[in-house]
Amino acid sequence: MARMRVGVLISGRGSNLKALIDAARDPDYPAEIVTVISNRPEAQGLEYAEEAGIPNEAIDHTLFAGRPGFEGAVSETLREAEVDLVCLAGFMRVLTADFIERWRERLINVHPSLLPAFPGLHTHAGAIAAGVKISGCTVHYVSEKVDSGPIIGQAAVPVFSTDTADALAARVLNAEHRLYPHCLALVAQGRTRIVGHAVRIAGKPESEPILLNPAEE
Ligand code: GRF
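Here the residue numbers are simple positions, counted from 1 along each chain's written sequence. pLDDT decides what is reported in this predicted model: residues at 70 or higher carry local features, side-chain atom pairs at 80 or more are listed and counted, and totals for whole chains, interfaces and linings draw on all residues regardless. Hydrogens are left out, water is left out, and the side-chain values use all remaining heavy atoms of the structure.

Caption draft 1: Seen up close, the pattern of salt bridges. One speaks of a salt bridge when a side-chain nitrogen belonging to Lys or Arg is within 4 Å of a carboxyl oxygen belonging to Asp or Glu. Using the criterion set out here, one finds eight salt bridges in the structure. Note that R104 and E144 form a salt bridge whose closest N and O atoms lie 2.5 Å from each other. Here R104 is found in the loop between α4 (97-102) and β5 (107-111), whereas its partner E144 is found in the loop between β6 (134-141) and β7 (151-158), with 40 residues between them in sequence. Where D163 meets R171, a salt bridge forms, and the shortest distance between an N and an O atom there is 2.7 Å. Three labels apply to residues, based on accessible area from a 1.4 Å probe with only protein chains included: buried if under 20% of the type maximum, exposed if over 50%, partly exposed otherwise in between. Overall, R171 belongs to the partly exposed group, its relative accessible area being 23%. Three or more residues are tied together by salt bridges with common partners; here these are K18, D22 and R25. Put simply, DSSP H or I for four residues or longer makes a helix, DSSP E for two residues or longer makes a strand, and each gets a number counted from the N terminus.

Caption draft 2: Highlighting the side chain of T192. Positionally, T192 belongs in strand β8 (residues 192-195). For this analysis, a polar contact is any N or O atom pair within 3.5 Å, provided that within protein one partner can donate a hydrogen and the other can accept it, and provided that sequence-adjacent residues contribute only side-chain to side-chain pairs. Looking at T192, its side chain comes within polar contact range of the side chain of Y141, at 2.7 Å. Apart from the residues within four sequence positions on either side, T192 is in contact with Y141, I152, L186, V187, V199, R200 and I201. Residues count as neighbours in contact if any of their non-hydrogen atoms are within 4.5 Å of one another.

Caption draft 3: Just the site of the ligand, in detail. Contacts to the ligand come from R13, G14, S15, N16, G90, V110, H111, P112, L173 and E176. G14 is positioned with one of its backbone polar atoms (N or O) 2.8 Å from an oxygen atom of the ligand. Its free accessible area being 370 Å², the ligand has 84% of it covered by the protein chains. Where the shell around the ligand is concerned, the elements lending two or more residues are α1 (15-24), β5 and α6 (165-188). Ten residues, namely Ala, Val, Leu, Ile, Met, Phe, Trp, Tyr, Cys and Pro, are considered nonpolar, four, namely Asp, Glu, Lys and Arg, are considered charged, and the remaining ones, Gly among them, are considered polar. The class makeup of the residues in the shell around the ligand is three nonpolar, five polar and two charged. Working definition: residue near molecule or strand if any one of its non-hydrogen atoms lies within 4 Å of it. For the area figures, the Shrake-Rupley method with a 1.4 Å probe applies, and any residue is considered shielded solely by the protein chains shown.

Caption draft 4: The nonpolar core, seen in detail. Judged by nonpolar contacts, the single largest core of 40 residues is most densely connected at V8, I33, V36, C87, I108 and L184. Examining the composition of this core, we find that ten residues originate from one element, α6, more than from any other. Segmentation into domains, and thus their bounds, comes from an automatic or database assignment. Taken domain by domain, the makeup of this core includes at least three residues from each of domain 1 (1-103) and domain 2 (109-205). Each residue touching I108, except ones within four places of it in the same chain, is listed here: L85, V86, C87, L88, V139, H140, Y141, V142, I152, Y180 and L184. For our purposes a nonpolar core is just a set of buried Ala, Val, Leu, Ile, Met, Phe, Trp, Tyr and Cys residues, chained together by side-chain atoms within 4.5 Å. Counting residues in each nonpolar core, the second largest holds 18 residues, with V74, F91, F99 and V142 among its members.

Caption draft 5: Here's a closer look at the state of the cysteines. By convention in this document, the label disulfide applies to cysteine sulfur atom pairs within 2.5 Å. Counted by the stated rule, this structure contains zero disulfides. C183 supplies the cysteine sulfur nearest to C87, a cysteine that is in no disulfide, at a spacing of 10 Å. On the basis of relative accessible area, C87 is assigned to the buried category, the value being 0%. We note that C183 lacks a disulfide partner, and the nearest cysteine sulfur, in C137, lies 8.4 Å from it. With relative accessibility at 1%, the residue C183 sits in the buried group.

Caption draft 6: Inspection of the domain arrangement of the protein chain at higher detail. With domains assigned, the protein chain is organised as domain 1 (1-103) and domain 2 (109-205). Using only C-alpha atoms to locate each centre, domain 1 and domain 2 end up separated by 20 Å. Residue-level contacts link 21 residues of domain 1 with 17 residues of domain 2. Accessible area, probed at 1.4 Å, shrinks when two parts are joined; the buried area is that loss added up over both. Between domain 1 and domain 2, roughly 1,600 Å² of surface is buried when both sides are summed, and carbon and sulfur atoms account for 73% of that area. It is N16, L88 and I100 in domain 1 that bury the most area against domain 2; as a group they hold 30% of the surface buried on that side. Our count for the domain 1 to domain 2 interface comes out at five residue pairs in polar contact (both at pLDDT 80 or more). Listing elements by their share of the side of domain 1 that touches domain 2, those giving two or more residues are β1 (4-10), α1, β4 (85-88) and α4. For the side of domain 1 that touches domain 2, the element with the most residues is α1, which contributes five residues. A breakdown of the residues in the side of domain 1 that touches domain 2 according to their chemical character gives 17 nonpolar, two polar and two charged.

Next comes the structure, spelled out in structure tokens:
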């Protein structure tokens with residue numbers, strides 16, 4: 001079966017991009033990363049693409065008068081690469097409704113909280129301040145409202161009383177690196193279907209284990 005052609009948009013470190021690239025090294029993985037675009041030329045993540053021999057490009061948003069011009073250039077590169085699906089991976093630009101409409105149901109994102117809790121920035125500080133005992137990450141389809149599209153998958157991690165925002169971020173990031181390739185595979189296999197605001201996963205067994213924090217003594 002032909003692998004789904006994926007473009008990844010980044011802005012910085014690119015560790016989620018790396019997780020996707022690593023997953024796609026397996027010839028049986030149902031998606032391949034065919035282009036990587038960063039809106040920031042200095043993004044470290046571009047090096048992961050370079051090392052893996054994946055075409056990559058910086059499209060500096062500051063060189064455009066407005067979002068539509070920038071997004072037009074991004075869309076053009078995605079179109080030239082014949083991309084079927086776009087993955088946002090630490091991409092820090094809010095997208096216009098036009099771009100989202102153009103890529104509707106073909107645009108997914110990873111967010112470092114259990115949405116709908118803690119959308120936006122500073123999620124880990126927010127989770128700690130709220131005293132939640134479990135946090136995690138979410139992979140979702142992108143819709144016009146930031147961090148609120150239909151949820152494809154989530155992974156949970158405990159929040160410990162000793163956690164700093166950085167410690168929690170590192171634990172959640174680890175979970176992101178497992179969740180994102182898993183969810184991309186489900187989408188690429190055509191197993192996800194948006195029903196209302198939910199995503200149904202075809203052929204996916206529900207799993208039983210619970211994460212209990214604090215643990216029972
Ligand atoms: C991740 O935590 C992602 O969820 C958030 O920004 C961070 C990007 O990290 N949107 P990286 O660039 O993938 O390493």
